[in-house]
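Structural characterization, general
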Amino acid sequence: MASWLGGLGSGLGQSLGQVGGSLSSLTGQISSFTKDILLEGAEEVGDAATELHVSNSRLREVESINAAQKFENERLKKVCSDLEEKHEAAELQIKQLSIEYRNQLQQKEVEISHLKARQNALQEQLQKVQKAAQSAQSGAGVLPPAATSASYVPVVRHSSGFEGDDMDFGDIIWSQQEINRLSNEVSRLESEVDHWKQIALSSKAQGTYDAEQSEIYKLQNIVKELRQNLSQEIDEHQHELSVLQDAHRQKLVEISHRHREELSEYEERIEELENQLQQDGVSADAMDDSKISEQKKNAQSLEGGKVEELQVVKDLEDEIRKLNHKLSSAKEENKILLKEQELAKVEKIQITQEYENLKSDFSMLQSSLAEQDALLKEQEKKLQSKTSLPEDVARLQQALLEAENEIARLSSLNQEGLEKELASAQRKNENILSAYTEDQNSELSQLRQDLERKQHELNESITERETLIAELEELDKQNQEATQHMITLKEQLSKQHTETDSIIKQLKFDIDFERRKVSELEIEKMETIKELDSQKEKLSHCSYALNDLHISKQQLQDNIKDLQEQLREAQDCNLHNKKEIGELQQRLKEREEELSVSLRKLTEKSNQESNYTCQDLILKEREVEIVRLQNDISENKQLNEDLEKSLSDLRIENGKLIAATEELKQELSDAISEKNKVYLEKDTVVEALKMEKRQLESELSQMEKRLLEQAHKYKQTIEELSNARSMDTTALQLEHERLVKLNQEKDFEIAELKRSIEQVETDHQETKEMLTTSLGGQKQLTELIKEKEVFIEKFKNQAFQVKQELEECMKVSKKQDVLKQNLEEKDRSLAVMKEENNHLKEEIERLKDQQTRSTPVVEPKTLDIIIELESEVTQLKVIKNNLEEEIEVHKKKIEDQNQITVQLQQSLQEQRKEIDESKFQCEQMNVTHERLSLEKDEEIKNLQKTIEQIKTQLHKERQIIQTDSSDLFQETKVQTLNGENGNEKHDLSKAEIERLVEGIKEREMEIKLLNEKNVSLSQQIDQLSKDEVGKLTRIIQEKDLEIQALNARVSSASYRQDVLCLQQQLQAYVMEREQVLAVLSEKTRENSQLKTEYRNIMDMVAAKEAALVRLQEENQKLCNRSENSSQDMSRETIQNLSRIIREKDIEIDALSQKCQTLLTVLQTSSTGTDNGSGGVNSNQFEELLQERDKLKQQVKKMDEWKQQVITTVQNMQHESAHLQEELHRLQAQISVESDSNSKLQVDYNGLIQSYEQNEKKLKSFSQELAQVQHSIGQLHNTKDLLLSKLDLVTPSVAMASTVSQLSGIQYSAPDVLSDESKLLQKELEQLKKKLQEKDSTIKTLQENNQRLSDSVATASEIERKSQEGTESEIRQIREKHDVLQKSLREKDILIKSKSDQLLSVSENLSNKENENELLKQAVTNLKERNLILEMDIRKLKEENEKIVARCREKETEFRALQETNMQFSMMLKEKEFESHSMTEKALAFEKLLKEKEQGKTGELNQLLNEVKSMQEKAVTFQQERDQVMVALKQKQMESSALQSEIQHLREKEQRLNQELERLRNHLLEMEDSYTREALAAEDREVKLRKKVLILEEKLVSSSTAVENASHQASLQVESLQEQLNLVSKQRDETVLQLTISQDQVKQYALSLANLQMVLEQFQQEEKAMYSAELEKHQKQSTEWRKKAESLEEKVVSLQESLGEANAALDAASRLTEQLDIKEEQIEELKKEGEIRREMLEDVQNKLMNLMNSTEGKVDKLLMRNLFVGHFHTPKNKRPEVLRLMGSILGIKKEELDQLLSEDQRGVTRWVTGWLGGGAGSKSVPSTPLRPTHQNIFNSSFSELFVKFLETESCPSLPPPKLSVHDMKTLGAAGTGKTSSTPSNSQTQDSAVSGMSRRPATNPFLAPRSAAVPLVTPASSSGHLLMKPISDALPTFTPLPVSPDASAGAVLKDLLKQ
């Protein structure tokens, strides 16, 4: 458009420059102009011979013009063909480039796939090692974790970083489908064109050939305009294509760069995994043989993988090192992806809106295209008589149709393409559309006018009117809308007939103008072709984008549906679970209450027993005191020993009873929980199966309903089409069929839109429900959080530690670092997941490359694959986003749990401080509790980590097992349905969406389970913390009670009595001090030694406890490592036990030494007493006795501790036996499940093979169906063509007679012209002779064809008789020729249709092959997933085996520990027996000493000491009981952990069973469906084959008949064409002469009419003047006399000047004389003034009519150029342009300054008013009629004419300075000059009113181009008045002359110049 406007602007600039340059030489031109005008009279008076001469010259000119245009047409054809070839070559190059890029991409993706496979294998090994470590850690006694399930890892959208990546190749398929559709439409339109041509030929008689020349010129003009438009569009398309190619290259470069970076990342990851594997291998060297064998197998598999992938790895290792720094950007990419997801949602809403807009735009474009097609068809009717033009026009029409189709498609695509990259393309396409629609509207208006004029001429003929009436009646019957349309067309034709004459003249002028532009157009064509190429590329890219958007839209809709369904199901499950949880909580509370009651009873019983035992002791002691006075000391000793043994036995029995009761309670609770779990699992399984069944049933019912609806619709369409074809082969039937098809398509679209609306509504409702449920969940969470915060605040009030908080902060930071590392590892695993799909893509594309190298068709296959891969990429993006969200959720949960654990630690540590402050004796217990709490915290963290890892692993397994197996079957089902229907485009995407939806359902279920488990875990943690706090508080209270009891005993009276006794003993022993001093020194030494030994023993006990704590910590550490650590632990325990035994040995040695020393003391004391020399100090002796008591107490403690250890070991043995039984049972179940898995695998493989066979059969059936459909279409086309031929043969005979009658009528008209008719008769006689000579040749032709022979024989007889017969025969031959041409065209159309059908068949074949490949890929995917499932099963087996091996190892370790324990216990018993015997000996010696020394007092002291020792024993018993309770708790924790592991394994078994059942059901359903489909396909195949056979027989018969007919027709056509060429040439010459003569007559008539019009206008002006001044009649009469005298003087002067000047000026004197005569007539008219009054009314009516006819006519070209020039200038220079325009128009500078000073308001308003006034006018604008300018009416015609010449000769500005942009119209000069007095607003209104009021045209005013030609005319010959007056030429108003100036003076001035 821009180039065309530029060309116009340059042309106008040149023409206006010529105007400016020609002003200097204006006088010569004016003189020649006046000569022509004056010579006009002489030429008019010429005879017929001169007129013939002129007409002959005109004929020759027209013929030369015709020949030149034909030559130009041929040249343009060649150029077009060359350009088309170039375009095809460019397309081939683009295809080759795309193929190369695809190959490169496939290679890179194959490399990635290898790396991914290697990475996956390494990761699996790492995970196995981690699992082994975690299982070892979990065996060390941890809390029972909640039953974990697979965490939901949803499908993530993997964004590639570049938005346009997925629209590079995918939309080529859509564009190919569009091309096929457009080609079908083109063939349909061509058939319609042929049909309308036949109707036109049958209805159209050989009308007058007057307007043929003008029609040719007009059509050539249209052709040129169409070429211009085509060339412009081609340029724009090429430009956009180049832009899109550049963008495509950039994308490919970016993709390859990213590809390399990702490869390098994967290589680094693989290296890290290998290093980790090596480290794990080093640590796991000392594993068992079973593990070594497993590792060997893994190593062999890895080595096999390495051998395959070494080549790829070597190439990629260099690239991998570059990408370490890009791991940090993964988190940012996650955020970007979330934003992109939100943008995609917004884009979806925009797409829906734009989709509706596009539909309306598309319907509008279709209507405009239909109108243009109708116009083009009717143009082709009129060009059939010519030989060269029809082909050119048809070709250009096809080009136009293609361009329009492309524009329509561009508009739709540009509106839908929302990508940022295509924004520029959208703007360009919208601009092109707007510009092109404007041009189209102008062209359509011209074409419509031509059409209407032609149809009006046809209506003049009576015969055509009759035929039209008959056709209209038929149309009224068939379609009322068609009749209304025809009636409106008739009315428009009648109205617009008057305007056709002016349009003919305009077209002639346009032909001259367009010839000059042909050269420019050729240059522009070259540019437009380039732009076309670019546009086509853009089109393809836009179509890709559209396709992707459609796919994404459908995916989103399906996802929303499925998510809503899942939400509902999840809500139901939640309600059910909540109810069950409530019931379980109630049961738990009841159990807890029962437990508390039983514990209270047990404590009461124990207290009673202890009380009883105390009472028995007291009684027995008293009895012993009475008996001791009477009996011996030995009996007392025996009684005491018996009592002690009975006490110990009772205590042991009590402990056993407590342990048994606790075990029973635990077993009861476990059994109840297991039963509940089993019931829950069964219920969930049943519900899941029911839900799946319902979903499948609903999907099947929906699919069946859709199929039934589509089948009904197709049946209806087939019936309607068959009815339409059964009708007569007329245009109405074709239109009816087309309307039926459109109606059905719209019905389909409406149905689809309704479905989409319903889906959107359901989606909306479901999203609302989702929001409500999520809000409810958030409220519950907030309530839980508040409760936890209240609980936490209670503990915070007791916080006093600062050091511990600092330490805990450090620990928390370390834990956070660990968590960060875990998150980074998960990010890496995400990246791995991203590229797993790429791995599959590469393998698929590699296989495709191998296939495509063998097969010729490459592109569609790769494109289909690309579409699949893009859809998978979108799925991966969704997975990634969901994974990131879940990771964030887990991070938050981990942080919350860490905070809770930190708070618990703080609370525990605070309580420990309080216990430390309360009593130093409780320090050891507190230390143990602290360590236990720390261990529990660590175990909780480890459990959390293990839960997360198990979640991820289970998610991976379920992702592989659940989604893929079921969803691929659905995908294949959808593909088979696609093969049958053929109309659905996005079925693959639907299948993928369904698969995604089911995956999402499962993920949501898993998320809900995880949330519930997290809630339960948090509750358990809270309960644990509360329980621990309660236990600690109870222990503190018990300790306080014990302390109080001890204080009370100390403060009792017996203690005071003991003190008094001791004081008495002191006084007694003072006497004996001197004797014992020697012994004391030795005893002090021994005492110090014993003290050191006692301290060592205490340190050893503390070290034992510390060692136990260390062992527990080391056990946790070693669980994380390999199993060598377990052996080290056992060694350490053995070492600790050996150390204890050594310490016991040392104790025994010390006691033996003590006994020896006591013996020596006894001996010495005995000797001392005898001698009487020296005594022992009593205080020192008592100290020794106290030390002995202490040692006794310690020995008893050790005994009790040993018994407790033995009981715990026995309990552990029982528990281990139970665990072993459960493990054996689980192993048996696992083996059964593995067998069932293997069986299912075999069944699954068999089903896949049967499915592949069914798929192949279905493909073959669908291909045969497509072929049968094409053959049916071809048969229908051939049937229609044969029927049309039969219809055409019959009317040709009837038409001959009518044509002959018409020819007689036509050729009778010219007889009126006597001279011309004589010449024509002579020529006709010559023609008759020639025709008679050619009769012989015609007869030979008649013999060849029997059908033609009768008509030719009759024609030859008629020709012999008269001229009419010959003409009728010629017309008959011509009609037959036309019929044959039509048959040839129909055959061409047949050939084209056949070729189109061939192309469509080939495309269908390629599509089917693509579908085959897709199905093969699906099969390969299924096989791969099968392999993955097998690998997972193997992994599970291996894990089970590992667990079994670990259990066995644990059992062996446990047995070894038991044996060592037994040995140590035996050793301890022996040592204790020895120590006991030694202590008894010591007691005996002490008693002997005391008896000797003290007698009775000694016995009392002994009793007191024994009381004290019993009290101390009671204290030690309590402490030991506490220690035993702690140990029991530890063992209970360990047993609960083992039970939780067993439950976890059971849950795994149940899940696997559920999956197996689901797979079995699914396989059975698939088998049933495939068998049904195969049977249906076989039935269809049989039916279609029968139809094909019948149709082929018909085709063979019809084709043979057509070939025979065509051969005969071609022979006849060749002979007839030679004759017709000669006859037509002669006939054309005569017709041209006639038309020229008639044109001349018409021109003369027009010129006369113009002169008469001018005279009438002047007369009317004079009448108006006289009517205004009738009252002043006397005054006016005197003035008129004076004016007459002055005019006479002017006439005399003019005559003198003319006589002096030239003979040419004699004509001017004639004019003056005529004017004098008119003035005399005026004087006579003065007398007739009264008569004129009466005629004024008639004149006014005529004036009104004239005003209406000539209102607002303005020169279009000048107006357009000046307007465009004004707006092309920049805004700051527009005032200068307006000043130049004002100077050209003659406006004064002051007025211009005034106008411009008011913010340019005046000028712009003047310009707008001027434009508004002159929009519809086509006549010369006249001066406005105002009262201020009444002097204009005083001047005569001659004065006005001279004034016009005067004003034209004097230029206002130097002309060369004018530019294209500085131009304004010259048409408003008159208005501008006269409007000096009124204001701006008045000038506005008056200018408009003046144009409409005064249509003053001058008969001697030639167009502007005649005086000063804008464009040099092609032919200078011919008179100016003979040429047509066109509206397109510039016209100027006559300028008024002042009344005082005379015409003679003006002419004199002219001559002087």
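Throughout what follows, the structure given in this document is the object of discussion. All values derive from a computational prediction rather than experimental measurement.

Some thoughts on the overall build of the protein chain
- When you go through the protein chain residue by residue, the secondary structure sums to 37 helices and 1 strand.
- Buried positions account for 44% of the 1953 residues belonging to the protein chain.
- Taking the intrachain contacts of the protein chain between residues at least 6 apart in sequence as the baseline, contacts between residues at least 24 apart amount to 92%.
- Summed over its atoms, the accessible surface of the protein chain is roughly 105,000 Å², and 56% of this surface lies on carbon and sulfur atoms.

Structural notes on a negative patch on the surface
- Together, Glu-1685, Glu-1688, Glu-1689, Glu-1720, Glu-1723, Glu-1724 and Glu-1728 give the surface a local cluster of negative charge.
- Of all elements in the fold, only helix H26 (1673-1701) and helix H27 (1706-1727) reach the threshold of two or more residues within the negative patch.
- Assessed through its relative accessible area of 48%, Glu-1720 is described here as partly exposed.

Overview of the nonpolar core
- By size, the foremost hydrophobic cluster in this structure holds 13 residues, and its most contacted members are Leu-115, Leu-122, Leu-263 and Leu-316.
- Among the secondary structure elements, those contributing two or more residues to this core are helix H3 (48-138), helix H5 (212-283) and helix H6 (289-320).
- When residues in this core are grouped by element, the largest group, 5 residues, is from H5.
- The contact partners of Leu-122, leaving out residues within four places of it in the chain, are Ile-270, Leu-273, Glu-274, Leu-277 and Leu-302.
- Counting residues in hydrophobic clusters, the runner-up holds 10 residues, among them Ile-1248, Val-1419, Leu-1422 and Leu-1563.

So, the pattern of salt bridges
- One pass over the structure, following the stated rule, counts 45 salt bridges.
- Arg-568 serves as the salt-bridge partner of Glu-769, at 3.5 Å between the closest nitrogen and oxygen. In this pair, Glu-769 is assigned in helix H13 (residues 731-796) and Arg-568 in helix H11 (residues 480-630), connecting sequence segments 201 residues apart.
- Overall, the relative accessible area of 30% leaves Glu-769 in the partly exposed class.

Considerations on the packing of helix H30 (residues 1774-1785) against helix H31 (residues 1789-1797)
- Close contact between H30 and H31 brings their axes to 10 Å; oriented N to C, the two are set at 150°. As far as their axial angle goes, H31 and H30 are roughly antiparallel. Our pair here, H30 against H31, has a crossing hand that is right-handed. Side by side, H30 and H31 meet where Pro-1775, Leu-1778, Arg-1779, Gly-1782 and Ser-1783 of the first sit next to Leu-1792, Asp-1793 and Leu-1796 of the second.
- For the contact of H30 with H31, the per-class residue count stands at 4 nonpolar, 2 polar and 2 charged.

Concerning the side chain of Glu-109
- With respect to the secondary-structure elements, Glu-109 resides in helix H3.
- No salt bridge is formed by the buried Glu-109; the nearest opposite charge belongs to Lys-841, separated by 5.3 Å.
- Setting aside its immediate chain neighbours within four residues, Glu-109 contacts His-259, Asn-838, Lys-841, Glu-842, Glu-845 and Leu-869.

Considering the packing of aromatic side chains
- Counted under the stated rule, the structure contains 2 aromatic pairs.
- Seen from their ring centres, Tyr-714 and Phe-748 are 5.7 Å apart, and the 40° between their planes marks the pair as tilted. Of the two residues, Tyr-714 sits in helix H12 (residues 633-726) while Phe-748 sits in helix H13, which places them 34 residues apart along the sequence.
- The exposure class assigned to Tyr-714 is partly exposed, which follows from its relative accessible area of 31%.
- When the centroid spacing of 4.6 Å and the interplanar angle of 40° are considered together, the rings of Tyr-1251 and Tyr-1570 count as tilted. In this pair, Tyr-1251 sits in helix H21 (residues 1178-1308) while Tyr-1570 sits in helix H25 (residues 1496-1668), placing the two residues 319 residues apart along the sequence.
- Since its relative accessible area comes to 4%, Tyr-1570 is described here as buried.
- Over the ring of Trp-1201 we find Lys-1104, and its NZ or CZ is 4.9 Å from the ring centre.

What counts, and where the lines are drawn
Residues numbered from 1 in each chain as written. Predicted model: local features only at pLDDT ≥ 70, side-chain atom pairs only at ≥ 80, totals over all residues. Heavy atoms only, no water. Helix = DSSP H or I, 4+ residues; strand = E, 2+ residues; numbered from the N terminus. Buried < 20%, exposed > 50% of the residue type's maximum accessible area, 1.4 Å probe, protein only. Contact = heavy atoms within 4.5 Å. Areas by Shrake-Rupley, 256 points an atom, 1.4 Å probe, with all protein chains shown as cover. Patch = residues over 30% accessible without salt bridge, like charges linked within 9 Å, V, L, I, M, F, W, Y side chains within 5 Å. Salt bridge = Lys/Arg side-chain N within 4 Å of Asp/Glu carboxyl O. Lys, Arg positive; Asp, Glu negative; His and termini not counted. Charge placed at Lys NZ, Arg CZ, Asp CG, Glu CD. Core = buried A, V, L, I, M, F, W, Y, C linked by side-chain atoms within 4.5 Å. Axes fitted to C-alpha atoms, helices over the stretch in contact; angles between N-to-C directions. Parallel < 35°, antiparallel > 145°, perpendicular 65-115°, else oblique. Left-handed = near helix turned anticlockwise from the far one by under 90°. Nonpolar A, V, L, I, M, F, W, Y, C, P; charged D, E, K, R; others polar. Phe/Tyr/Trp six-rings, centres within 6.5 Å; stacked < 30°, edge-to-face > 60°. Lys NZ or Arg CZ within 6 Å of the ring centre and 35° of its normal.

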